[in-house]
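# Coordinate inspection notes
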Amino acid sequence: MGLMGSLYVGASGLQTSQNAMNTTAHNVSNIDTIGYTRQQVQQGTRFYNTISKNKTAISWQQIGLGVNYTNVKQVRDVFLDKTYRREVGRSSYYDTSLAAIEEVEDLFQELQGKTYSKTLENLRDSLEELTKHPSDSVRQGVLIQRCYEFVTRSQAVYTGLSEYQDDLNFKIEKQIKTINEYGKQIRDLNEMIQKIESGQVEKANDYRDQRNLLLDELSAMGDVRILEDGAGNMIVQFEGYDFIREDGINKIELYEDPVTGFYTPYWSNLAKKTTNPDGSETLVSIQGAEVFNLQQEISAEGNTDIGSLKAMLFARGDHRATYRDLGDGTTQGNAHYNNNISQSIVMNVQAQFDRLVNAIVVGINGVLKDAADAATALDPNSTYLRDSNGDPYQIFNSITGEKDAQGNLIYTTQNLIINGELKQAPSLLGFIRPDGKEDQATADRLRDLFKEEKYVLNPNVQTKNNFIDFYSGLIAQVTNTGYVLHGISANQRITVDNTAAAREQILGVSSDEELSNMIMFQNAYNASSRYINVVDELLEHVISTLGR
């Protein structure tokens, strides 16, 4: 190769070293950029010119044309990416579940001094005071007041649980919008990357960083599985179904329950729809199109405990739970249990709390009714504990008047109201039997309601409780659940931190390493420059000598 051709070798060294220094400078300038992946320079040789071929020679006579800047690759570990995204999703699930149980704890205000247990104790104490002098109008007034406080406080707690369900519902709607937006952005980035890399000259590494950051964010919301095809597209499955494809995305829609207003995410392309004459579509059914199966068992072994969106759906549940979602509240009613609430934090507490309220209401009303019926059995014309219509006085009334299959009034926390007549005139209770004596037996039965141990928290529990212990058991269950979730959440955060640290060691930028590379490429640049100077001097010498 002549001296003129040697200049091209030096020029390739200058150009390649300059590009390598630019890449290194790009790494250094993005040390603190979230989601940035370290870029690594790959160099190769240019084509060789073959001067002669000799079969007897060890090798052909060839002259190299210099160095080539072949590729700038991202330094990532696919296994660590997959592990990190799975563990982030699991951590988000337990963090969201922990936040839900902490919200429930705050609603009962056990840590703020305004304990619901005090309301129960006040009601119990008013019944005990009544036994000391049943016909005392003051004690009767205190009983009605305590019953009113019991209803008011109970409804405040239940309303708080319901409002938290609505809050979760709003967050679910917001997160679905975010997921769809992320899907659109990833799809757009797929197209940009394809356009840039189609010529196989330039790598769209910065766009790839944006896409990977979105995938990290998406993995915190649900179970995400990712595959990159040969064209550079990221094919993404969300909860086991194709979300982002080569040709677009499958959008997640929300179905709003007409009764509760709760949203159910579903795949738009799987839902059953009818086409209207104007070309629009009307949703018929989302059965089989749901994004999440809320009947599945949550477990780490099955990788079903992944994603904050799933955690919010499970915590919220699918309706306002009442005592009717449980058995009859005793160990004989364990066969009936609405499985929809078994894994829902809020619905479980709603149902068990409503079970307590219902049991107290039914118990007190039942004692008064039995006393009135007993008096009527002795004297059909008796008006003892009966109102002007001849009906037994009931301290608690049902707003809706709804009855169950057996014809009994349904008393849930939200449909309770204190009897207006008794609220205005508690002395109507009287507790003076037709024979003129105090009805001590009825007062004693009301007191003993708080001593009976026959209620269980839910069909999975066998321990019988009285009302006070029932509530204590409910709080203990919430506290224990919170303690367990706190431990799991803390351990999961450690796992995520360790995985993130391991991943950062690979894709993160090290200032020391990049400065070393900068010096290396600078020296290579200087060497190429000196090489060109030498060739230049040789050419000048040859020309000067031949020109004489």
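Source: prediction; values computed, not measured.

### A look at the overall build of the protein
Within the protein, the regular secondary structure consists of eleven helices and 14 strands. For the protein, the C-alpha radius of gyration of 38 Å lies well beyond 24 Å, the compact-globule estimate for 548 residues. Viewed in the frame of its principal axes, the protein has a C-alpha envelope of about 150 × 60 × 40 Å. Buried positions account for 44% of the 548 residues belonging to the protein. For the protein, the proportion of contacts with a sequence separation of at least 24, taken over those separated by at least 6, is 66%. Total accessible area computed for the protein in this model is approximately 28200 Å², and 50% of it derives from carbon and sulfur atoms. Measuring between centres, the 51 positive side-chain charges of the protein sit 3 Å from its 73 negative side-chain charges.

### Digging into the pairing of strand β12 (residues 281–285)
Along any regular strand, the residues point their side chains to alternate faces of the sheet. When strand β11 (residues 272–275) meets β12, the two strands line up antiparallel, connected through four bridges. When the sheet's bridge partners are listed, T274 is paired in β12 with T282. Hairpin geometry of β11 and β12 is characterised by an intervening segment of five residues between the two adjacent antiparallel strands and by a positive phi of about 95° at G279.

### Details of the environment of E256
Looking at where E256 falls in the secondary structure, it is placed in strand β9 (residues 252–256). You can call E256 partly exposed: its relative accessible area is 45%. Separated by 87 residues in the primary sequence, E256 and N169 have C-alpha atoms spaced 10.0 Å apart. Not counting chain neighbours up to four residues away, the residues in contact with E256 comprise G261, F262 and Y263.

### Things to note about the packing of aromatic side chains
Within this structure, the stated rule accounts for twelve aromatic pairs. Judged by centre distance (6.1 Å) and plane angle (50°), the rings of F243 and W267 are tilted. Here W267 lies in strand β10 (residues 263–267) and F243 lies in strand β7 (residues 241–245), a separation of 24 residues in the sequence. By relative accessible area, F243 is classed as buried at 0%. Classification of W267 as buried rests on a relative accessible area of 2%. Ring centres of Y455 and F467 lie 5.1 Å apart, and the angle between their planes is 25°; on these two criteria the pair is classed as stacked. In this pair, Y455 sits in the loop between α9 (440–448) and α10 (467–507) while F467 sits in helix α10, placing the two residues twelve residues apart along the sequence. Clustering of aromatic rings is evident, with ring pairs tying together F238, Y241, F243, W267 and F292.

### A few points about the packing of helix α3 (residues 116–132) against α9
Direction vectors running N to C along α3 and α9 enclose 160°, while the axes themselves pass 8 Å from each other. In this view, α3 runs roughly antiparallel relative to α9, as classed from their interaxial angle. By crossing handedness, the relation of α3 to α9 is classed as left-handed. Across the interface between the two elements, L127, E128, L130 and T131 of α3 pack against Q440, A443, D444, L446 and R447 of α9. In terms of residue class, the contact of α3 with α9 is made up of four nonpolar, two polar and three charged.

### Section: the pattern of salt bridges
The full count for this structure, using the stated rule, is 33 salt bridges. Across the pair D81 and R76 runs a salt bridge whose closest N-O atoms are separated by 3.0 Å. With a relative accessible area of 8%, D81 lands in the buried category. Under the relative-accessibility criterion, R76 is labelled partly exposed at 22%. E281 is the salt-bridge partner of K273, the closest N and O atoms lying 3.9 Å from each other. On the accessibility criterion, E281 (52% relative accessible area) is exposed.

### So, the packing of helix α2 (residues 78–108) against helix α5 (residues 205–219)
Following both chains from N to C, one finds α2 and α5 inclined at 35°, their axes separated by 8 Å at the closest point. Between α2 and α5, the contacting residues are Y84, R85, V88 and G89 on the first element and N212, L215, D216 and S219 on the second. Residues of the contact of α2 with α5, tallied by class, amount to three nonpolar, three polar and two charged.

### Regarding the nonpolar core
Formed by 90 residues in total, the largest nonpolar core has its most connected members in F150, F238, I395 and F396. Broken down by element, the residue count for this core peaks at 16 residues, all from helix α4 (residues 137–197). If we skip the residues at most four places from it in the chain, F238 touches I179, L218, M221, G222, D223, V224, F243, I252, W267, V291 and F292. L326, I341, M347 and A351 belong to the second-largest nonpolar core, a separate cluster that totals five residues.

### So, unusual backbone geometry
Of note in this structure, E239 is not a glycine but carries a positive phi near 55°. Assignment of secondary structure puts E239 in the loop between β6 (234–238) and β7.

### Details of the sheet that holds strand β5 (residues 224–228)
In a beta sheet, neighbouring strands pair by backbone hydrogen bonds and run either parallel or antiparallel. Strand order in this open sheet of four strands is β5-β6-β7-β8, and the pairing throughout is antiparallel. With one partner strand each, in any of the chains shown, β5 and β8 (248–249) form the two edges of the open sheet. Bridging between β5 and β6 involves five bridges; their strand directions are antiparallel. In the strand pairing of β6, E228 is matched with M234.

### Some details on the side chain of T304
The topology assignment puts T304 in the loop between β12 and α6 (308–316). Exposure remark for T304: the relative accessible area of 12% places this residue in the buried category. Separated by 2.8 Å, the side chain of T304 and the backbone nitrogen of S299 make a polar contact. Beyond its immediate sequence surroundings of up to four residues, T304 is in contact with Q296, E297, I298, S299 and K310.

### Some details on a nonpolar patch on the surface
A surface patch of nonpolar side chains, about 320 Å² in accessible area, is lined by Y483, V484 and I488. If you trace the backbone, Y483 turns up in helix α10.

About the criteria used
- Starting from 1, residues in each chain are numbered consecutively following that chain's sequence as written.
- Note on the predicted model: pLDDT of at least 70 is required for a residue's local features to be given, and 80 or more for side-chain atom pairs to be given and counted; whole-chain, interface and lining totals, by contrast, use all residues.
- With hydrogens and water excluded, all non-hydrogen atoms of the structure serve as input to the side-chain values.
- Counting from the N terminus, the helices are the DSSP runs of H or I reaching at least four residues and the strands are the DSSP runs of E reaching at least two.
- For the radius of gyration, the atom set is restricted to C-alpha positions; the globular benchmark scales as 2.2 Å times the number of residues to the power 0.38.
- Each residue gets one of three labels from its accessible area relative to the maximum for its type: buried under 20%, exposed over 50%, partly exposed in between, using a 1.4 Å probe on protein chains only.
- Note on definitions: a residue-residue contact is assigned when non-hydrogen atoms from the two residues lie within 4.5 Å.
- Surface accessibility follows the Shrake-Rupley procedure with a 1.4 Å probe radius. Residue values consider only the protein chains on display as shielding.
- Neither His nor the chain ends contribute to the count of charged residues, in which Lys and Arg are positive and Asp and Glu negative.
- In plain terms, the charge of a residue is placed at NZ if it is Lys, CZ if Arg, CG if Asp and CD if Glu.
- Any two strands with at least two DSSP-identified bridges between them are counted as paired.
- Whether two aromatic rings pair depends on their centres lying within 6.5 Å, for rings of Phe, Tyr and Trp, where Trp uses its six-membered ring; planes under 30 degrees apart make the pair stacked, over 60 edge-to-face, and the rest tilted.
- Each axis is a line fitted through C-alpha atoms, and for a helix only the stretch in contact is used; angles between axes span 0 to 180 degrees, taken between their N-to-C directions.
- Angular relationships are summarised with four words: roughly parallel below 35 degrees, roughly antiparallel beyond 145, roughly perpendicular across 65 to 115, and oblique for the angles in between.
- Take the far helix as your reference; a near helix turned counterclockwise from it by less than a right angle gives a left-handed crossing, and one turned clockwise gives a right-handed crossing.
- Residues are grouped as follows: Ala, Val, Leu, Ile, Met, Phe, Trp, Tyr, Cys and Pro are nonpolar; Asp, Glu, Lys and Arg are charged; all remaining types, including Gly, are polar.
- Whenever a carboxyl oxygen of Asp or Glu lies within 4 Å of a side-chain nitrogen of Lys or Arg, that contact is scored as a salt bridge.
- The criterion is simple. A nonpolar core is a set of buried Ala, Val, Leu, Ile, Met, Phe, Trp, Tyr and Cys residues joined through side-chain atoms within 4.5 Å.
- Pairs of N or O atoms within 3.5 Å make up the polar contacts considered here, provided that, within protein, one atom can donate a hydrogen while the other can accept it, and that residues adjacent in sequence are counted only when both atoms are side-chain atoms.
- Only residues whose relative accessible area exceeds 30% and that form no salt bridge enter a patch; like-charged residues are grouped when within 9 Å of one another, and nonpolar side chains (Val, Leu, Ile, Met, Phe, Trp, Tyr) when within 5 Å.

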